[in-house]
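# Architecture and fold: a report
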Amino acid sequence: MSKDKNIGALGGRMWSSIILLGLIGQVAWVVENMYFSRFMQNEITKAPYATTLLVAFSAIFATLATLIGGALCDRTGRRKAFICWGYVVWGFTIMMFSLVPMQPSADKVLPMVILVVAMDCVMSIIGSISNDAAFNTWITDISSIHNRARVDTVLAIMPLFAIGIVFGGFDSLTNLDATPDDWKKFFMILGIIPTIGGVIGLALMKDKQGIKANKDSSFVNDFTYSLQPKTIKENKMLYVCLSGNMISAIAYQVYVNYLFNIVEGTLKLKDYIIPIGIIMLVASVASVIVSVSMDKKGKKNFYYPTIAAGIIGCIIVYCAKFFVDKNETAVTAILIVGGILIIGVSLVMAGLFTASYRDCIPQGKEGLFQGCRMVMYVLIPMIIGPVIAQLIINTCNKGVSADNIVYPMELFIGAAVIMLFAFIPARYVRNHLQK
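Residues numbered from 1 in each chain as written. Predicted model: local features only at pLDDT ≥ 70, side-chain atom pairs only at ≥ 80, totals over all residues. Heavy atoms only, no water.

Attention now moves to unusual backbone geometry. Phi angles above zero are rare outside glycine, and Gln-103 is one such case at about 50°. Inspection of the secondary structure assignment puts Gln-103 in the loop between α4 (80-95) and α5 (109-142). (Helix = DSSP H or I, 4+ residues; strand = E, 2+ residues; numbered from the N terminus.)

Written as structure tokens, this is what we have:
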């Protein structure tokens, strides 16, 4: 009886490692995903080509680095060294941004753009090897079918906590009134965090016992392994799980990049910090509660209700447009209810499909399958989602000058339509599961 009770138990030290390294990794990614673009626009140039280059090259190099890092993890049989020492170096790459010459003269703008893009690529490479590849491989090692939904949902809420930490503690150093010295402080402080986290990780975390180096094939084969047709054919269900995650992520990317502008500009809510805080807190707590239920009762019966809740949430948020300038209390209430659903569902979907994907990874190939996860969960959604969003925005703002563009609530209808397609992989995964 006691043995059955302990199935899926990870222990305090293991959970401490998961939460610490998971949270610190997401803090670093918040800096990369949200603040490097802001830095480029505020301190280098507002020209859109600069931000486009920054985002595109970062996504490409991050994906390639994850493929390489995953192969290295399996070929060496080591995870801890890549994670912890990677975090240490990762922090230094963030701190290096404090040395970038800011507010350049017109003739030096292009060289500074190239410099910032190159530095971002270096940061993305280190972060992807240590976090996206090694950390996720380690998570697959130490988790099991009995606790993966819980682990992956806890990790899914880490970006929300990371955003709270960075926004709440350091955003004032990066606003329009920020000086170069403010930006330098920002990069130094946020760089120290992953470096210290890596040092703590060296003392705290442990690799799973019994992991052996796997050098049965060439490095080139390992690098491309998860993208080879033969591999896809032999592990169909794994890719079906990833496709479900991909569809959910595409829907999320349609609106998330404009969320704060929608709340403040389109819905005209001036005091939106408390509603957003309520949404993040309730969605996080609810997603953890649901994940515990998934581990106890099995994931099978959670797919359809979760997808349906996400679609309903998008429709509810869309309906807030009909109360703008009429009833601010109604707008706020609708935003909170719908926001809890869409954010909560995005977290639970990550737990559902990612946990199922990990269940399907063949033993000894944990690292090799991190690259395809990066391609389908990060690279593709970050390209397709924003493109769909741009089409919706342009359609709803036809004939409107760039200065007067309003981010439309129809973005949530677009996300709802995309979420409908998640029922297809969900059906196959659901039928594949025993419970």
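In this section: the packing of helix α12 (residues 273-297) against helix α14 (residues 328-360). The interhelical angle for the contact between α12 and α14, taken along N-to-C directions, is 35°, at an axis separation of 8 Å. α12 and α14 meet at a crossing whose hand is right-handed. Residues Pro-275, Ile-278, Ile-279, Met-280, Val-282, Ala-283, Ser-284, Ser-287, Val-290 and Met-294 of α12 form the contact with α14, whose own contacting residues are Thr-332, Leu-335, Ile-336, Gly-339, Ile-340, Ile-343, Gly-344, Leu-347, Val-348 and Leu-352. (Axes fitted to C-alpha atoms, helices over the stretch in contact; angles between N-to-C directions. Left-handed = near helix turned anticlockwise from the far one by under 90°. Contact = heavy atoms within 4.5 Å.)

Core analysis: the largest hydrophobic core is formed by 70 residues, its most contacted members being Leu-238, Leu-267, Phe-369, Leu-411 and Phe-412. The element contributing the most residues to this core is α14, with 14 residues. With residues near it in sequence (within four places) discarded, Leu-238 still touches Tyr-357, Cys-360, Ile-361, Phe-369 and Cys-372. If you look at the next biggest cluster of nonpolar residues, it comprises 51 residues, including Val-100, Met-102, Trp-138 and Phe-187. (Core = buried A, V, L, I, M, F, W, Y, C linked by side-chain atoms within 4.5 Å. Buried < 20%, exposed > 50% of the residue type's maximum accessible area, 1.4 Å probe, protein only.)

Turning our attention to the packing of aromatic side chains. The tally for this structure, following the rule as stated, stands at 16 aromatic pairs. For the ring pair Phe-39 and Phe-187, a centre distance of 5.2 Å and an interplane angle of 85° mean the geometry is edge-to-face. On the criterion of sequence distance, the pair formed by Phe-39 in helix α2 (residues 12-44) and Phe-187 in helix α7 (residues 180-204) is long-range, its members being 148 residues apart. Given the relative accessible area of 0%, Phe-39 is considered buried. Between Tyr-252 and Tyr-255, the ring centres sit 5.7 Å apart and the planes meet at 80°, which makes this aromatic pair edge-to-face. Of this pair, Tyr-252 and Tyr-255 both sit in helix α10 (residues 236-255), 3 residues apart, roughly one helical turn. On the basis of relative accessible area, Tyr-255 is assigned to the buried category, the value being 3%. Among the aromatic side chains, those forming a connected cluster through ring pairs are Phe-36, Phe-39, Phe-97, Trp-183, Phe-186 and Phe-187. Directly above the ring of Tyr-428 sits Arg-427, whose terminal nitrogen or CZ lies 5.6 Å from the centroid. (Phe/Tyr/Trp six-rings, centres within 6.5 Å; stacked < 30°, edge-to-face > 60°. Lys NZ or Arg CZ within 6 Å of the ring centre and 35° of its normal.)

In short, geometric facts, not functional conclusions.
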